[in-house]
Amino acid sequence: MRLILSLYKGGAVLRAFFIYLSKLQWMRNLILKLAFARQASRRFVAGETAQAAIEAVRQLNRQNILATLDHLGEDVHTEADARSARDDYVHLLDLIHQSGVLSHVSLKLTQFGLDVSEGLCCELVASVAERAAQMGTFVRIDMEDSAHVERTLAVYRDLRRKYSNIGIVIQAYLYRSEDDIKRLVDDGIARVRLVKGAYKEPPNVAFPRKADVDASMVKLMQLMLGDEARAHGAYLAMATHDVKMIDATKKFVAEHDISKDAFEFQMLYGIRRDLQQQLAAEGYKMRVYVPYGNEWYPYFMRRLAERPANVWFILSNFFKP
Ligand code: FDA
């Protein structure tokens, strides 16, 4: 029992440590230079170029799996960098269109200058949404740490007045999320990807215990798939690799006679491929989040934080003769 407790505590400490590392600029500069780390990141990142990512999507599409492409980047502090992120996304949308792959795009508002100016960020994301609408595709706004949640929701609400082809992410670990979902449902804009949450948050903001996060995720899933929410146009993307969460969703939809078209499952590139294929084969809509680009460092660190066993796996490969 003591061993289990210390492993659990060790896991929590490692998680906090990797999330802390994900924010360190000097560490980023160091790790990005290591060929071995770049190689290891490929477990979760489709490549450094948009072409490589499109090829990864093509392979997923062949297995009846949809995608959402993410050009990695976050924490941009100049207008020029934010504008360049917008240009990259417009180019990506052109490539999706030309290649004919089935993919949405996902983006982070801090990559589009949220910390520079909310107005600039809105303007740039609007131009991506506009281009995506012309091409009949969809833009998902990822959710970042709790310091950005309120502003991210504000930008989403603002953009939703004009664009219906955008959606948001809600994190089950935040106490506020139930109210956020209820408000989005009431306003008829609950196009929500539901996740557990990937950042390190204090206990006054987020549930510290995994069991409570899981219970919250099930509750929010049921809220999103409930009759009232669906009557208001709510659409759920249940984004998890947790078999318990997936089974709870399958059970709820079966019991309430909800069609498999009325929601979707989502997972991350490189994680539980077996489960991705199994859900697609069972006839569920399955979408995989496919990140690519040079800015893989913080994304990679968050993936290590989620499952410290990944670190041992990577290190053991490194030391293999
Ligand atoms: P949990 O962490 O309990 O893991 C369940 C099981 O999944 C593990 O036992 C393991 O088998 C497997 N697993 C999970 N993570 C793994 C990893 N890194 N490596 C290997 N196996 C792993 N978060 C956020 O804050 N904002 C966002 O916008 C998004 N966007 C997003 C999109 C999509 C499509 C997904 C699937 C997830 C996100 N997330 C996110 C991340 C999310 O918040 C969460 O951190 C991860 O999905 C891990 O949580 P699980 O629900 O998988 O459960």
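On a predicted model such as this, the values are computed, not experimentally measured, just so you know.

**With respect to unusual backbone geometry**
Part 1: With a phi close to 55°, Asp257 is a non-glycine residue in the positive phi region.
Part 2: Its location among the elements puts Asp257 in the loop between helix H11 (243–255) and strand S7 (263–268).
Part 3: Judged by its relative accessible area of 71%, Asp257 is exposed.
Part 4: The phi dihedral of Arg272 falls on the positive side, at around 50°, and the residue is not glycine.
Part 5: Locating Arg272 in the fold gives a position in the loop between S7 and helix H12 (273–281).
Part 6: Arg272 gets classed as partly exposed once you look at its relative accessible area, which sits at 34%.

**Some words on H11**
Part 1: Here H11 is 13 residues long and its end C-alpha atoms lie 18 Å apart, about the 18 Å a rise of 1.5 Å per residue gives.
Part 2: Every buried residue belonging to H11 is among Met245, Ile246, Thr249, Lys250, Phe252 and Val253, and all of these are buried. In an axial view of H11, the angular spread of the buried residues amounts to 165°, which keeps them on one side of the axis. Along H11, the residues that are exposed and aim more than 90 degrees away from the buried face are Lys244, Lys251, Ala254 and Glu255.
Part 3: Elements in contact with the buried residues of H11: helix H9 (210–225), strand S6 (235–239), S7 and H12.
Part 4: At the N-terminal end of H11, a side-chain oxygen is found 2.9 Å from the backbone nitrogen of Lys244, two or three residues along, and the residue is Asp242.
Part 5: Once H11 finishes, Asp257 follows within two positions and takes phi at roughly 55°, a positive value.

**Regarding the domain arrangement of the chain**
Part 1: By the assigned domains, the chain splits into domain 1 (1–44 + 296–321) and domain 2 (46–295).
Part 2: The straight-line distance from the C-alpha centre of domain 1 to that of domain 2 is 23 Å.
Part 3: Both sides together, the interface formed by domain 1 and domain 2 hides about 1,700 Å², and carbon and sulfur atoms give 49% of it.
Part 4: Broken down residue by residue, the surface that domain 1 buries against domain 2 is led by Trp296, Tyr299 and Arg302, which jointly contribute 32%.
Part 5: Measuring nitrogen to oxygen at the nearest pair gives 3.1 Å for the salt bridge that ties Arg302 to Glu74.
Part 6: The tally of links from domain 1 across to domain 2 stands at five residue pairs in polar contact (both at pLDDT 80 or more).
Part 7: Contributing elements (two or more residues each) for the side of domain 1 that touches domain 2: helix H1 (2–22), helix H2 (25–33) and helix H13 (297–306).
Part 8: Top contributing element to the side of domain 1 that touches domain 2 by residue count: H13, with six residues.
Part 9: Residue classes in the side of domain 1 that touches domain 2 are distributed as nine nonpolar, no polar and nine charged.

**Remarks on the packing of aromatic side chains**
Part 1: Counted according to the given criterion, the structure contains nine aromatic pairs.
Part 2: Ring centres of Phe263 and Phe265 lie 5.5 Å apart, and the angle between their planes is 85°; this geometry places the pair in the edge-to-face category.
Part 3: A relative accessible area of 1% places Phe263 in the buried class.
Part 4: By relative accessible area, which is 1% here, Phe265 ends up buried.
Part 5: Joined through ring pairs, the aromatic side chains of Phe44, Trp296 and Phe300 make up one cluster.

**Describing the packing of helix H7 (residues 146–160) against helix H8 (residues 177–186)**
Part 1: Interaxial distance between H7 and H8 falls to 13 Å at its minimum, and their mutual angle equals 5°. As far as their axial angle goes, H8 and H7 are roughly parallel. Where H7 approaches H8, its residues Leu153, Tyr156 and Arg157 are matched on the opposing element by Asp180, Arg183 and Leu184.
Part 2: Tallied by class, the residues present in the contact of H7 with H8 amount to three nonpolar, no polar and three charged.

Scoring rules and cut-offs
Residues numbered from 1 in each chain as written. Predicted model: local features only at pLDDT ≥ 70, side-chain atom pairs only at ≥ 80, totals over all residues. Heavy atoms only, no water. Helix = DSSP H or I, 4+ residues; strand = E, 2+ residues; numbered from the N terminus. Buried < 20%, exposed > 50% of the residue type's maximum accessible area, 1.4 Å probe, protein only. Expected span 1.5 Å × (residues − 1). Arc of directions from axis to C-beta. Contact = heavy atoms within 4.5 Å. Polar contact = N/O pair within 3.5 Å; in protein donor to acceptor, adjacent residues only side chain to side chain. Domains from an automatic or database assignment. Buried area = accessible area lost by both parts, 1.4 Å probe. Salt bridge = Lys/Arg side-chain N within 4 Å of Asp/Glu carboxyl O. Nonpolar A, V, L, I, M, F, W, Y, C, P; charged D, E, K, R; others polar. Phe/Tyr/Trp six-rings, centres within 6.5 Å; stacked < 30°, edge-to-face > 60°. Axes fitted to C-alpha atoms, helices over the stretch in contact; angles between N-to-C directions. Parallel < 35°, antiparallel > 145°, perpendicular 65-115°, else oblique.

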